Structure formats: structure tokens, C-alpha cells
Amino acid sequence: MIAMYIANPSLHYPPALSLLRSHNRLFWGLQGAGWSGYFLLVYVAVVVPRLTPDNLLIAHTHIFLETLSGLLTSLALRQVLRLAIRLPLSMAAVGAVFLSALFAAVWNFFKLCTFDFLYNFPWLNWSWHDFGSWYLFSLTTMAAWTGLYFVFKFYGALQAEHHKALQAESSAREAQLKMLRYQLNPHFMFNTMNAISTLILKRENDTAGEMVDQLCQFLRSSLDNDPSTQVTLKNELEALDLYLNIEKVRFEKRLLIKKSIDPVTQFALVPNLLLQPLAENAIKYAIAPRKHGGELIIKTTKQGGELVVEVGDDGPGLEDSKDGNERPSGIGLSNTRNRLTTLYGSNHKFSLKSHANGLTVEIRIPFQSGSTANGTK
């Protein structure tokens, strides 16, 4: 979305105030340009052909006062139109025509009085044709100004609605990410607390204390991070280790972990806590139900402009469970799929590969390199 603080007023002011300031700057810019153009047009088309050494000062004074009075009249008209524009469209249109005619008459009267005063030429003695031509020019100018003002106001209203829509979309996106991100699996919490309780009953207090400490660190890491930000893969793997350390205490030798991390991917940016629900899904459905446990495989590579992340297991595939029932995909997979769709739209791939040696979840996202020490960006 722009350059930093100087170029982006919204960083200094609330969005609504920033939009209002931008709206006012645009109005005054158009107002200044419009009346400057009016001054030049009348000066070149009307004043210059009639300039003589005798009327030089008077002619310039007259065109200046005419333009200034037109500017002030348009500002007064603006105040009244602000009220009229709130009416239904048909009534607002009729009101705009009437107000343009009325304020054009006021402005025309001022121009005639100024002309009379400067040139000592009473306009009351003019013919209806001369008087009408002056008024017609004033009316045309005010009608054009009113039309442009309506366009300007509707453009501003569209901008405001677009801004509100973007804010609503951004808020909904953030709320969705937080909802997805904070779905902490109750089974994991129950099993962890049960394992801690078992360790305490066995008087393995040191191990229980270590497990509580790991759980606290994992929860802190899970809840403190903003779900809409990204972290480096290195930091993401460290967060995953906090979770896996807990599971290692629960499953002991039944849980084997293999990692194949391409060094070039260490500082690639990924959504925080991307891996934990995938690992939890594999442990829950492929390792926990088996007497001898199983293996969790985590692999990352860079392929072209994409970061490829694979989380797999050596358990039954989606359709090869021992009881003949289809292995459920679990909330972890649907949660991750929804997060990736929210963050990357169509610019990602999420696929499940069921094979004889288990199930592998493959994720492909754009490869972006982190630039800070802690990996956030």
C-alpha cells in the first residue's frame, strides 16, 4: 500500500481523519485550479481585447473582484449544497438547479454593481439582452461548479465506502486468522495434563516440572504471536520443538522425529505456528493409535520461487487404516488450509499425499526471505 510516515498520513492520523484531510486537500486544489482557469479565460477572451491605457487598472481590478466574488459565492453555495445533497437524489437535483440559479443571480448582481462603480456605467439602463447575457454566463459558471461539486461529493462518498469496505475486510480477515490460530486442540491439552499428572503420581517430579515448563513456553509462544505476521522457518521450527518436547515426554520412544531442513530455507518467511497443527494431526491419527508408535518426518526445500514444506508420517494413509475406516483429516489440516487461503489466496498449494508409507502434507508458498534477527517482518 506506500512510503512511510511522511508520505502516508494514515500513519499519523486515524483513517477517517486522514481521509477527510485528503478530501479537503483535493477540494481546495480543484477550487484553486478552477477559479484560476476562470480568471485566465475571462481575461484572455474578454479583458485583453478591450484593454486601453486608460482602463488598464480598472479592467484588472474588475476581473480580480469578479473572480474573487465568484470564489466566495461558490463557497457559500457549498455550505447550502451540503444540506441539499442529503436529500433523495431527485429532490437534491431539483434543489441544486434552484440553488445554482439563485446564487448565480447574487453573483451576477455583485458583478453588475462592481462594473457600475468602476466604469460609471449604470446597468439599470441596459437592455434585457445585455442583462440576460451577463446572467446566463454567471448561471453557466455556477451550474458547472455545482455539477462538479456533486461529482466531487459522490466521488468522496465512494472513496469513503471503499475505505470502509477495506477496513471491514481487513478486520474480518484478522478475526478469521485469530479464530483459526487460537483453536487449541482440547485433546492435546487433556493428554498433556494427564501425562503430567501421571508423572507426578510416579514421583517423577523433575520430568513433570520440565514438561510443565515446556507447556508454558509453548502456550506463551502460541498466544503471544500475532497470527497475521510471519516468522522465519528457523523460529517456526524452534516453536515446533517446544510442542514436540512435550509429546516426547508422553510417547517416549514411540515417537521418532526426522528432520530434513535445507539450509537455504532457514530464513524463509512462513505463517507462525504453521507446523504445529500438522505435526499434531500426524501424531494424533498416525502415531498415538499404534502400539509401537511411529515416525514424524519434516522436510523443507526451495524449488524455484517457492518454499516447499512437507510434514509426513509412516502411519496409515487416508484410506488404509487397520479398522477399514477412512482416516480423518482432522481440524489441524482444515485449519491450516483456511489460514493459507486467507493469507495467500490462490498463490499457494496445499495437498495431501497418501502412500504406502503413510501420509504427507505438502505446502507450497511464495519464497520470501526474512530480514531481521527474530524473523518477524
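Note: the structure precedes this text.
For the structure given in this document, a descriptive report is provided here. Per chain, the residues get numbers from 1 upward, laid out in the order the sequence is written. Selection of residues for local features in this predicted model requires a pLDDT of at least 70, selection of side-chain atom pairs for listing and counting requires 80 or more, and totals for whole chains, interfaces and linings are taken over all residues. The basis for the side-chain values is all heavy atoms of the structure; hydrogens and waters are excluded.

This paragraph deals with the overall build of the chain. Within the chain, the regular secondary structure consists of nine helices and seven strands. The protein chains shown are the only cover counted for residues, whose accessible areas, like all others here, come from Shrake-Rupley with a 1.4 Å probe. For the chain, the exposed surface amounts to about 21,600 Å²; the carbon and sulfur share of it is 62%. Under the DSSP-based scheme used, a helix requires at least four consecutive residues in state H or I and a strand at least two consecutive residues in state E, with every element numbered from the N terminus.

Now for the packing of helix H2 (residues 56–84) against helix H3 (residues 89–119). With their axes 9 Å apart at the nearest point, H2 and H3 run at an angle of 155 degrees to one another. The angle between the axes of H2 and H3 places the two elements in the roughly antiparallel class. Seen along the crossing, H2 lies across H3 with a hand that is right-handed. Ten residue types, Ala, Val, Leu, Ile, Met, Phe, Trp, Tyr, Cys and Pro, are classed as nonpolar, four, Asp, Glu, Lys and Arg, as charged, and the remainder, Gly among them, as polar. For the contact of H2 with H3, a count of residues per class yields 17 nonpolar, six polar and two charged. Lines fitted to C-alpha atoms define the axes, with helix axes restricted to the stretch in contact, and inter-axis angles between N-to-C directions lie between 0 and 180 degrees. In these notes the angle categories are as follows: under 35 degrees is roughly parallel, over 145 is roughly antiparallel, 65 to 115 is roughly perpendicular, and the rest is oblique. A clockwise turn of the near helix away from the far one marks a right-handed crossing, whereas an anticlockwise turn of less than a right angle marks a left-handed crossing.

A word on helix H7 (residues 233–251). Its 19 residues place the ends of H7 26 Å apart at the C-alpha level, agreeing with the 27 Å of an ideal helix rising 1.5 Å per residue. Three exposure classes are used, based on accessible area relative to the maximum for each residue type with a 1.4 Å probe and protein chains only: buried under 20%, partly exposed in between, and exposed over 50%. For H7, the complete set of buried residues consists of Leu233, Glu236, Leu237, Ala239, Leu240, Leu242, Tyr243, Leu244, Ile246, Glu247 and Phe251. Downstream of H7 by one or two residues, Glu252 has phi in the positive range, about 50 degrees. Given the number of residues in a helix, its expected span is that number minus one, multiplied by 1.5 Å.

Turning next to the pairing of strand E4 (residues 294–303). Strand pairing is assigned whenever DSSP identifies at least 2 bridges connecting the two strands. Two elements, strand E2 (residues 255–261) and E4, share seven bridges in a ladder whose sense is parallel. Bridge pairing links Lys258 to Ile297 in E4. The turn linking E4 back onto strand E5 (residues 306–313) is made up of two residues, and Gly304 within it adopts a positive phi angle of 65 degrees.

Further remarks concern the packing of aromatic side chains. In this analysis, rings of Phe, Tyr and Trp, with Trp reduced to its six-membered ring, are considered paired at centre separations within 6.5 Å, and the interplanar angle assigns stacked below 30 degrees, edge-to-face beyond 60, and tilted for intermediate values. Counting across every chain of the model gives nine aromatic pairs. Consider the rings of Phe27 and Trp28, whose centres lie 5.4 Å apart with planes at 80 degrees: the pair is edge-to-face. We classify Phe27 as buried; its relative accessible area is 5%. Residue Trp28 is classed as partly exposed on the basis of its relative accessible area, which comes to 46%. Here the aromatic rings of Tyr38 and Trp107 are separated by 5.6 Å at their centres, their planes lie at 50 degrees, and the arrangement is tilted. Of this pair, Tyr38 sits in helix H1 (residues 15–47) while Trp107 sits in helix H3, and the two are 69 residues apart along the sequence. Accessibility expressed as a relative area gives 7% for Tyr38, which makes it buried. Taking the relative accessible area as the measure of exposure, Trp107 reaches 0% and is therefore buried. Ring pairs connect the aromatic residues Phe27, Trp28, Trp145 and Tyr149, which therefore count as one cluster. Here, over-ring charges are defined by two tests on the NZ atom of lysine or the CZ atom of arginine: distance to the ring centre within 6 Å, and angle to the ring normal within 35 degrees. Geometry around Trp107 places Lys111 over its ring, the cationic atom sitting 4.3 Å from the centre. The ring of Phe367 is capped by Lys302, whose NZ or CZ atom sits 4.4 Å from the centre of that ring.

Structurally, Ile287 can be placed in helix H8 (residues 276–287). As for Ile287 and Pro316, which are separated by 29 residues in sequence, their C-alpha atoms are 9.4 Å apart. Residue contacts are defined here by distance: any two heavy atoms, one from each residue, within 4.5 Å place the two residues in contact. With residues up to four places along the chain from it excluded, the contact list for Ile287 reads Arg254, Leu255, Ala282, Gly293, Gly294, Glu295 and Leu296.

The next subject is the nonpolar core. Definition used in this section: a nonpolar core is a set of buried Ala, Val, Leu, Ile, Met, Phe, Trp, Tyr and Cys residues joined via side-chain atoms within 4.5 Å. If you look at the biggest cluster of nonpolar residues, it comprises 41 residues, and the most contacted ones within it are Leu240, Leu244, Leu296 and Ile363. Elements represented by at least two residues in this core include exactly helix H5 (186–201), helix H6 (205–224), H7, H8, E4, E5, helix H9 (330–344) and strand E7 (358–366). Looking at this core element by element, the count peaks at nine residues for H7. Ignoring sequence-local partners within four residues, the contact set of Leu244 consists of Ile257, Ala279, Ile283, Leu296 and Ile298. By size, the runner-up hydrophobic cluster in this structure holds 21 residues, among which are Trp35, Ala96, Tyr149 and Phe152.

The subject of this paragraph is the sheet that holds E2. With mixed pairing, the five strands of this open sheet are ordered in space as E2-E4-E5-E7-E6. Because the sheet does not close on itself, it has two edges, and the strands there are E2 and strand E6 (349–355). When strand polarity is set aside, the average angle formed by the axes of neighbouring strands in this sheet is 15 degrees. Strands in contact with H8 are E2, E4, E5 and E7; relative to E4, the strand with the most contacts, it is inclined by about 145 degrees.

What follows covers the pattern of salt bridges. Where charged atoms of side chains with opposite charge meet at close range, the side chains can pair. The salt bridge definition used is simple: a Lys or Arg side-chain nitrogen within 4 Å of an Asp or Glu carboxyl oxygen. Inspection of every chain in the model, using the stated rule, returns nine salt bridges. A salt bridge links Asp241 to Lys259, with the shortest nitrogen-to-oxygen separation between them at 2.5 Å. Taken as a pair, Asp241 in helix H7 and Lys259 in strand E2 lie far apart in primary sequence, 18 residues in all. For Lys259, a relative accessible area of 39% gives the class partly exposed. Arg250 is the partner of Glu247 in a salt bridge, and the nearest nitrogen-oxygen pair spans 2.7 Å. Separated by three residues within a single helix, Glu247 and Arg250 lie in helix H7, roughly one turn from each other. For Glu247, a relative accessible area of 2% corresponds to the buried category. Under the relative-accessibility criterion, Arg250 is labelled partly exposed at 25%. Where salt bridges share partners, they join Glu306, Lys353, Glu362 and Arg364 into one cluster.

Glancing now at the pairing of E7. Buried residues dominate E7, accounting for eight of its nine residues. Of the strand pairs in this sheet, E5 and E7 are connected by eight bridges, and their pairing is antiparallel. By the bridge assignment for E7, Glu310 is matched with Glu362. One ladder, built from seven bridges, connects E6 with E7; its direction is antiparallel. Looking at the pairing, Leu352 lines up with Val361 of E7. Hairpin connection between E6 and E7: a loop of two residues separates the two successive antiparallel strands.

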